[in-house]
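# Descriptive analysis of the structure
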Amino acid sequence: MKQPAKRQLGVLDLAHRWLREHVSAGDLCIDATCGRGNDTRLLCELTGESGKVIGFDIQQDAVDSTAALLAENGLSAELHCESHAEMQKYAAAGTVSCVVFNFGWLPRGSHEIFTRAESSIAALNAALTLLKLGGSLVLCIYYGGANGFSERDALNEYLAALDSRYYTVMQCSFPNRTGCPPYAVFVTKDSEPEAAL
Ligand SMILES: C[S@@+](CC[C@H](N)C(=O)[O-])C[C@H]1O[C@@H](n2cnc3c(N)ncnc32)[C@H](O)[C@@H]1O
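Residues numbered from 1 in each chain as written. Predicted model: local features only at pLDDT ≥ 70, side-chain atom pairs only at ≥ 80, totals over all residues. Heavy atoms only, no water.

### Describing the environment of Gly135
Structurally, the position occupied by Gly135 is in strand E5 (residues 131-141). With relative accessibility at 2%, the residue Gly135 sits in the buried group. Gly135 sits 48 residues away from Tyr183 along the chain, and the two C-alpha atoms are 20 Å apart. Once residues within four sequence positions are removed from consideration, Gly135 is found in contact with Val96, Ser97, Val187, Thr188 and Lys189. (Helix = DSSP H or I, 4+ residues; strand = E, 2+ residues; numbered from the N terminus. Buried < 20%, exposed > 50% of the residue type's maximum accessible area, 1.4 Å probe, protein only. Contact = heavy atoms within 4.5 Å.)

Have a look at this one:
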């Protein structure tokens, strides 16, 4: 009998595995791109009632979807319909355990509204400042299609330039898949950059 095809491991599986291993009850975490709320929901489950999750999206539709998903599951987060480039207004430097970015457009939303290099890089700078020692960034990088390649190229350049004395950058991609397979990048803050001391 023919076996049903096994579901392929995807970039979100990798991201969620990382979150389950690195986020604990009581942590403060940020979902920089709430979208339909799937990452926000997992962060809320992992941080628990003693923790806190702050979420951002520039589309009210996304914020409403996320709030509804959380409510259905008895969870809550502090949600802002605002660019993630503003995240430093809502958390103190050195206090955040994990910041999640899922670049691209809103699932089942307009393909004309998507993350852009300029605000994405500003948000990554802010996120690195907010991270506590041992904290991490989880990035799911979608590219091609309507949003093209310029954001991906800017992210790759930014990540490759992070000072290895302070940050570890790891990338997991799928080179034998066709099209533009999204890939995951994990960044850990290993020591405090001198400029910030
Ligand atoms: C790939 S989706 C996120 C998917 C989401 N993690 C989920 O579970 O459904 C990317 C989201 O980023 C949002 N976005 C685009 N630019 C943004 C910005 N500057 N700040 C915050 N969110 C932004 C889009 O509106 C979109 O909802």
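### As for the pattern of salt bridges
Across all of its chains, the model carries 10 salt bridges by this definition. Ionic pairing is found between Glu86 and Lys89, a salt bridge with its closest N-O pair at 3.8 Å. Lys89 gets classed as exposed once you look at its relative accessible area, which sits at 53%. Taken together, the shared-partner salt bridges in this structure form one network comprising Glu82, Glu86 and Lys89. (Salt bridge = Lys/Arg side-chain N within 4 Å of Asp/Glu carboxyl O.)

### Topic: the site of the ligand
Near the ligand you find 23 residues, and of these Arg36, Asp39, Asp57, Gln59 and His84 are the closest. One of the backbone N or O atoms of Thr33 is found 3.1 Å from a nitrogen atom in the ligand. Between an oxygen atom of the ligand and a side-chain N or O atom of Asp57, the distance comes to 2.6 Å. Contact with the protein chains covers 95% of the free accessible surface of the ligand, which is 600 Å². Tallied by class, the residues present in the shell around the ligand amount to 8 nonpolar, 11 polar and 4 charged. (Near = heavy atom within 4 Å. Polar contact = N/O pair within 3.5 Å; in protein donor to acceptor, adjacent residues only side chain to side chain. Areas by Shrake-Rupley, 256 points an atom, 1.4 Å probe, with all protein chains shown as cover. Nonpolar A, V, L, I, M, F, W, Y, C, P; charged D, E, K, R; others polar.)

### Here we look at the packing of helix H1 (residues 11-22) against helix H2 (residues 38-47)
Helix-helix packing is characterised by the crossing angle of the two axes and by the distance between the axes. The contact between H1 and H2 brings their axes to 10 Å, and the two run at 20°. Overall, the two elements H1 and H2 adopt an arrangement that is roughly parallel. When the axes of H1 and H2 are compared, the crossing they make is right-handed. Contacts between H1 and H2 involve His16, Leu19 and Arg20 from the first element and Asn38, Asp39, Leu42, Leu43 and Leu46 from the second. Here the residues of the contact of H1 with H2 sort into 4 nonpolar, 2 polar and 2 charged. (Axes fitted to C-alpha atoms, helices over the stretch in contact; angles between N-to-C directions. Parallel < 35°, antiparallel > 145°, perpendicular 65-115°, else oblique. Left-handed = near helix turned anticlockwise from the far one by under 90°.)

### Looking at helix H3 (residues 60-72)
Look at H3: 18 Å from first C-alpha to last across 13 residues, which is about the 18 Å you get at 1.5 Å a residue. Of the positions making up H3, those classed as buried are Ala62, Val63, Ser65, Thr66, Leu69 and Leu70. Here the buried residues of H3 occupy an arc of 160° about the axis, which is enough to place them on one side. For H3, the exposed residues lying more than 90 degrees away from the buried face are Ala71 and Glu72. At its buried positions, H3 is contacted by H2 and strand E3 (78-80). A positive backbone phi angle near 65° is found at Gly74, which sits one or two residues after H3. (Expected span 1.5 Å × (residues − 1). Arc of directions from axis to C-beta.)

### A closer look at the packing of aromatic side chains
Under the defined criterion, the tally for this structure stands at 5 aromatic pairs. Relative to Phe186, the ring of Trp18 lies with its centre 4.6 Å away and its plane at 20°, an arrangement referred to as stacked. Taken together, the residues Trp18 in helix H1 and Phe186 in strand E7 (residues 183-189) connect sequence positions 168 residues apart. Overall, the relative accessible area of 8% leaves Phe186 in the buried class. For the ring pair Phe56 and Tyr90, a centre distance of 5.7 Å and an interplane angle of 55° mean the geometry is tilted. Here Tyr90 lies in the loop between E3 and strand E4 (96-102) and Phe56 lies in strand E2 (residues 52-56), a separation of 34 residues in the sequence. Residue Phe56 is classed as buried on the basis of its relative accessible area of 0%. Given a relative accessible area of 25%, Tyr90 falls into the partly exposed group. (Phe/Tyr/Trp six-rings, centres within 6.5 Å; stacked < 30°, edge-to-face > 60°.)

Purely spatial values, then, with no claim about function.
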